[in-house]
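Topology and contacts: notes
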Amino acid sequence: QISTVPLLFFVIVHIQVFYESIGASFQSLLLFITLSKAFDALWDPFIGYYTDSIFAHTTNDDSLTKTRLRLTLLGSFVFSSSLVFLFSPPVFSSTALTAWFAFSYILFTMGYSVL
């Protein structure tokens, strides 16, 4: 199994430097990273409960495999799309750039949780 910890470390450390260099405020970035972690604390149990309830009601192994595949594909799409959004922001003002970061980073954490 491949660990995604190095990717998460890279994103958290280097994305702050990247966004600071193009005009976003450091304090706002840290605020949204902290808020996304708080949101993640609520999102992870929800995803766990949701997947456990789906798998508890599925008796057919083929249906279970299809459900896992769908969730994995959904998580992969959200995760990879959010990485593209994070590393290719449009040219905005500082406030709009921070909002773009917040949206992209929350999608990133949501996609990671589903995977």
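This text follows the structure it describes.
Residues numbered from 1 in each chain as written. Predicted model: local features only at pLDDT ≥ 70, side-chain atom pairs only at ≥ 80, totals over all residues. Heavy atoms only, no water.

1. Describing the packing of helix H2 (residues 26-56) against helix H4 (residues 94-114)
Inclusion rule: Axis geometry follows a simple rule: fit a line to the C-alpha atoms, using only the stretch in contact for helices, then measure angles between N-to-C directions, giving values from 0 to 180 degrees. Each helix is a run of DSSP H or I of at least 4 residues and each strand a run of E of at least 2, with the numbering of both proceeding from the N terminus. Roughly parallel means an angle under 35 degrees; roughly antiparallel, over 145; roughly perpendicular, 65 to 115; everything else is oblique. Note on convention: near helix rotated counterclockwise from far helix by under a right angle means a left-handed crossing. Clockwise means right-handed. The contact criterion used throughout is that any non-hydrogen atoms of two residues lie within 4.5 Å.
At a minimum axis separation of 9 Å, H2 and H4 run at an interaxial angle of 30°. Relative to H4, the element H2 is oriented roughly parallel. The handedness of the crossing between H2 and H4 is right-handed. Contacts from Ser28, Leu29, Phe32, Ile33, Ser36, Lys37, Phe39, Asp40, Trp43, Asp44 and Ile47 of H2 reach H4 at Thr98, Phe101, Ala102, Tyr105, Ile106, Thr109, Met110, Ser113 and Val114.

2. Here we look at the nonpolar core
Note the following rule: Buried residues of nine kinds, namely Ala, Val, Leu, Ile, Met, Phe, Trp, Tyr and Cys, make up a nonpolar core once their side-chain atoms join them within 4.5 Å. Each residue is placed in one exposure class: buried if its accessible area under a 1.4 Å probe, protein chains only, is under 20% of its type's maximum, exposed if it is over 50%, and partly exposed if it falls in between.
Counting 14 residues, the largest nonpolar core has Val11, Ile15, Tyr19, Leu86, Phe101, Tyr105 and Phe108 as its most contacted members. Put simply, the parts of the chain that give this core at least two residues each are helix H1 (5-21), H2, helix H3 (61-87) and H4. Excluding anything up to four places from it in sequence, Val11 contacts Leu83, Leu86, Phe87, Tyr105 and Phe108.

3. A look at the packing of aromatic side chains
Rule in force here: Between 30 and 60 degrees the pair is tilted, below 30 it is stacked and above 60 it is edge-to-face, where a pair is any two Phe, Tyr or Trp rings, Trp via its six-membered ring, whose centres lie within 6.5 Å.
Scanning the model with the defined rule gives 13 aromatic pairs in all. Ring geometry for Phe85 against Trp100: centres 5.8 Å apart, planes inclined by 70°, an arrangement best described as edge-to-face. Of the two residues, Phe85 sits in helix H3 while Trp100 sits in helix H4, which places them 15 residues apart along the sequence. On the accessibility criterion, Trp100 (22% relative accessible area) is partly exposed.

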